[in-house]
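Listed below, chain by chain, are the residues.
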Amino acid sequence: MHDIRIVRADPAGFDAGLARRGLAPVAESLLAQDAARRAAQTAAQELQARRNQLSKEIGQAKRSGADSTALEAEAVAARGRMEALDAEAKAAEDAQNRVLEALPNLLDAGVPEGRDESDNVVLHQHGAPANFAFTPKQHFELGEALGLMDFGAAARLAGARFTVLRGALARLERALGQWMISLHADEHGYSEISVPLLVNDATMYGTGQLPKFEEDLFRTTDGRWLIPTAEVPLTNLAAGEILAESALPLRFTALSHCFRSEAGSAGRDTRGMLRQHQFAKVEMVAITRPEDSEAEHERMTKCAERVLTELGLTWRRVLLCAGDTGFSAARTYDLEVWLPGQQAWREISSCSNCRDFQARRMAARYRPAEGKGTAFLHTLNGSGVAVGRALIAVLETHQQEDGSIAVPAVLAPWMGGITRIG
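Residues numbered from 1 in each chain as written. Predicted model: local features only at pLDDT ≥ 70, side-chain atom pairs only at ≥ 80, totals over all residues. Heavy atoms only, no water.

Draft legend 1. Spotlight on the overall build of the chain. When helices and strands are tallied, the chain shows 12 helices and 18 strands. For a compact globule of 422 residues, the expected C-alpha radius of gyration is about 22 Å, and the chain comes in at 27 Å, more than 25% above that figure. By its C-alpha atoms, the chain is 105 × 45 × 40 Å across when sized along the principal axes. Here the analysis covers contacts within the chain between residues at least 6 apart in sequence; of these, 72% occur between residues at least 24 apart. (Helix = DSSP H or I, 4+ residues; strand = E, 2+ residues; numbered from the N terminus. Rg over C-alpha atoms; globule rule 2.2 N^0.38 Å. Contact = heavy atoms within 4.5 Å.)

And the structure:
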């Protein structure tokens, strides 16, 4: 959510920021709505002052026995006009907010120009794609050959974009989630949180999922929403709060199921587990002072990178361009992992600095130790990482010529001594 004062201060600059995302200018219409709101409010305040004066004059007239009929009529008319002005101000404010709440965050100056993912910038790479002595298979070929990945059963149970995992692959998925949440909680300083998977409208609005992305979400019959990521409840833990500066930063992590309709992905990644309606993910969220958020963004991204390194995966960090940066983010790093079976880089983690964009929507503030008043917090979120995609990467990276899978050593405590799935 944007502060209208930013638009007032530099309307051309605000429109230029939106233009980087390919959006049309809106400052002029926003300022017209703002002017209408302020004019109605000023007129209402002037009428209120006149009503206060009329009240005194009516009292004086009655005490002296004078006729107060005209004064009383004027007071009644003023009250009616005030009600109309209040309605005008509210209508202008609502119209203004409908525009503001649908606008994405302004981008950091360092975000490169570009229209889509083809314009993203690779910053660095860890490792190099391995040369296999055989033709590597894709994850679903491996899983089905092992008899441990069942898409047919999932389709009968729930339809497309679901998977049933059996035996050692089910355990491997669980091991990945347990290891990652433990790593972030025990070694990276994040507080582990168990979150609701169903949330209300205000919670979805606070992190920017509503109203713009309603079609990407699943809604229950009682009006709640299934979370698309644990970022939603974790970030909203600060909603409506005024935190002490000494309490910052807050760092939260959660292992949860996530639910997405994939409304815009028809025909994409229809085979396998890459794009599912239901999946597990370890999420990281940080809530910081404004001056700390850039360093926190780097720290969070490195936490996700460590996951990939310890799993023995080949990965790279990518800075998203203007056209590929998400709605709430000012700056985003994607981590992409090399999938030998696909012979392609695929996103496995996305770490974003949202600055005060979400905090304004959530009314999340802190009170500086020095000075007066409060200020909006900065919020950050990142995958640490998506469990299903980590499973895919492990299967394809550590596949053997006989179709078996070597289990990364870091998962041993959660695999009950299983070092190879075959």
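Draft legend 2. How the structure looks around the domain arrangement of the chain. When cut into domains, the chain gives domain 1 (4–102) and domain 2 (117–421). Using C-alpha coordinates to define each centre, domain 1 is positioned 45 Å away from domain 2. Contacts between domain 1 and domain 2 engage four residues on the former and nine residues on the latter. Of the roughly 610 Å² buried where domain 1 meets domain 2, counting both sides, 41% is carbon and sulfur surface. The largest per-residue losses of area from domain 1 upon contact with domain 2 belong to Arg21, Glu101 and Ala102, which jointly make up 77% of the total buried on that side. (Domains from an automatic or database assignment. Buried area = accessible area lost by both parts, 1.4 Å probe.)

Draft legend 3. A look at the nonpolar core. One finds Leu172, Leu176 and Leu311 to be the most contacted residues of the largest nonpolar core, which totals 48 residues. With eight residues, helix α7 (residues 167–186) is the single largest residue contributor to this core. Contact partners of Leu311, with chain neighbours within four places excluded, come to Leu176, Trp179, Ala390, Val394, His398, Pro408, Val410 and Leu411. In terms of nonpolar packing, the next biggest core, distinct from the first, is built from 23 residues, Val199, Trp225, Ala238 and Leu248 among them. (Core = buried A, V, L, I, M, F, W, Y, C linked by side-chain atoms within 4.5 Å. Buried < 20%, exposed > 50% of the residue type's maximum accessible area, 1.4 Å probe, protein only.)

Draft legend 4. Structural view of the packing of aromatic side chains. On inspection of all chains with the given rule, the structure shows four aromatic pairs. Measuring from ring centre to ring centre gives 5.4 Å for Phe213 and Phe327, while their planes differ by 85°; the resulting arrangement is edge-to-face. Of this pair, Phe213 sits in the loop between α8 (201–206) and β6 (218–219) while Phe327 sits in the loop between β11 (315–319) and β12 (331–339), and the two are 114 residues apart along the sequence. Under the relative-accessibility criterion, Phe327 is labelled buried at 9%. Where Phe327 meets Phe357, the ring centres are 5.6 Å apart and the plane angle is 75°; that geometry is what we call edge-to-face. With Phe327 in the loop between β11 and β12 and Phe357 in helix α11 (residues 357–362), the pair connects residues that are 30 residues apart, well separated along the chain. The class for Phe357 is buried, based on a relative accessible area of 1%. (Phe/Tyr/Trp six-rings, centres within 6.5 Å; stacked < 30°, edge-to-face > 60°.)

Draft legend 5. Quick look at the sheet that holds strand β15 (residues 375–376). With mixed pairing, three strands are arranged side by side in an open sheet as β8-β14-β15. With one partner strand each, in any of the chains shown, β8 (242–244) and β15 form the two edges of the open sheet. For β8 and strand β14 (residues 365–367), the ladder comprises three bridges, and the chain directions are parallel. Counterpart to Ala244 in the pairing with β14 is Arg367. (Pairing = 2+ DSSP bridges.)

Draft legend 6. The arrangement of the UniProt feature "binding site: L-serine" (unreviewed entry) in the chain in detail. UniProt tags Thr229, Ala230, Glu231, Arg260, Glu283, Asn381 and Ser383 as "binding site: L-serine" (unreviewed entry). Within the element layout of this structure, Glu231 appears in helix α9 (residues 231–235). Using a relative accessible area of 9% as the deciding quantity, one classes Glu231 as buried. Sequence-distant contacts of Glu231, defined by excluding residues within four places in its chain, comprise Thr207, Glu283, Val285, Gln358 and Asn381. Following the sequence through the fold, Ser383 ends up in strand β16 (residues 378–386). Sequence-distant contacts of Ser383, defined by excluding residues within four places in its chain, comprise Lys281, Val282, Glu283, Met284, Ala304, Ile348, Ser349, Ser350 and Cys351. (UniProt positions renumbered as here; feature names shortened; annotations may be inferred.)

Draft legend 7. Spatial organisation of the pattern of salt bridges. Tallying each qualifying case throughout the model produces 32 salt bridges. Arg355 is the partner of Glu294 in a salt bridge, and the nearest nitrogen-oxygen pair spans 3.2 Å. Here Glu294 is found in helix α10 (residues 293–310), whereas its partner Arg355 is found in strand β13 (residues 344–355), with 61 residues between them in sequence. Look at Glu294 and you get partly exposed, because its relative accessible area is 36%. Take Arg355: its relative accessible area is 23%, and that puts it in the partly exposed class. Three or more residues are tied together by salt bridges with common partners; here these are Asp3, Arg5, Asp356 and Arg360. (Salt bridge = Lys/Arg side-chain N within 4 Å of Asp/Glu carboxyl O.)

Draft legend 8. View of the packing of helix α3 (residues 27–64) against helix α4 (residues 69–101). Closest axis-to-axis distance for the α3/α4 pair is 8 Å, and the angle between their directions is 160°. By the criterion of interaxial angle, the relationship of α3 to α4 is roughly antiparallel. Seen from above, α3 lies across α4 with left-handed handedness. Each residue belonging to the contact of α3 with α4 can be placed in one class, and the counts come to 19 nonpolar, four polar and 13 charged. (Axes fitted to C-alpha atoms, helices over the stretch in contact; angles between N-to-C directions. Parallel < 35°, antiparallel > 145°, perpendicular 65-115°, else oblique. Left-handed = near helix turned anticlockwise from the far one by under 90°. Nonpolar A, V, L, I, M, F, W, Y, C, P; charged D, E, K, R; others polar.)

Draft legend 9. Region of interest: the layout of surface pockets. Estimates place the volume of the second largest pocket at around 240 Å³. Lining the second largest pocket are 13 residues, and of these Met1, His2, Asp3, Ile4 and Asn97 sit closest to its centre. Within the residue set of the lining of the second largest pocket, elements represented by two or more residues are α1 (4–9) and α4. It is α4 that provides the largest number of residues to the lining of the second largest pocket, a total of four residues. For the lining of the second largest pocket, the class distribution of residues is four nonpolar, three polar and six charged. (1 Å grid on protein atoms, 1.4 Å probe; cavity = no way out; pocket = protein on both sides within 12 Å on 5 of 7 lines; lining within 4 Å. Points joined across faces, edges and corners; volume = space filled by probe spheres on them.)

Draft legend 10. A look at the side chain of Lys281. Looking at where Lys281 falls in the secondary structure, it is placed in strand β10 (residues 278–288). For Lys281, a relative accessible area of 5% corresponds to the buried category. Engagement of the side chain of Lys281 in a polar contact is seen with the side chain of Thr229, the distance being 2.8 Å. Setting aside residues up to four positions removed in sequence, Lys281 forms contacts with Thr229, Ala254, Leu255, Ser256, Cys258, Arg260, Ser383, Val385, Ala386 and Val387. (Polar contact = N/O pair within 3.5 Å; in protein donor to acceptor, adjacent residues only side chain to side chain.)

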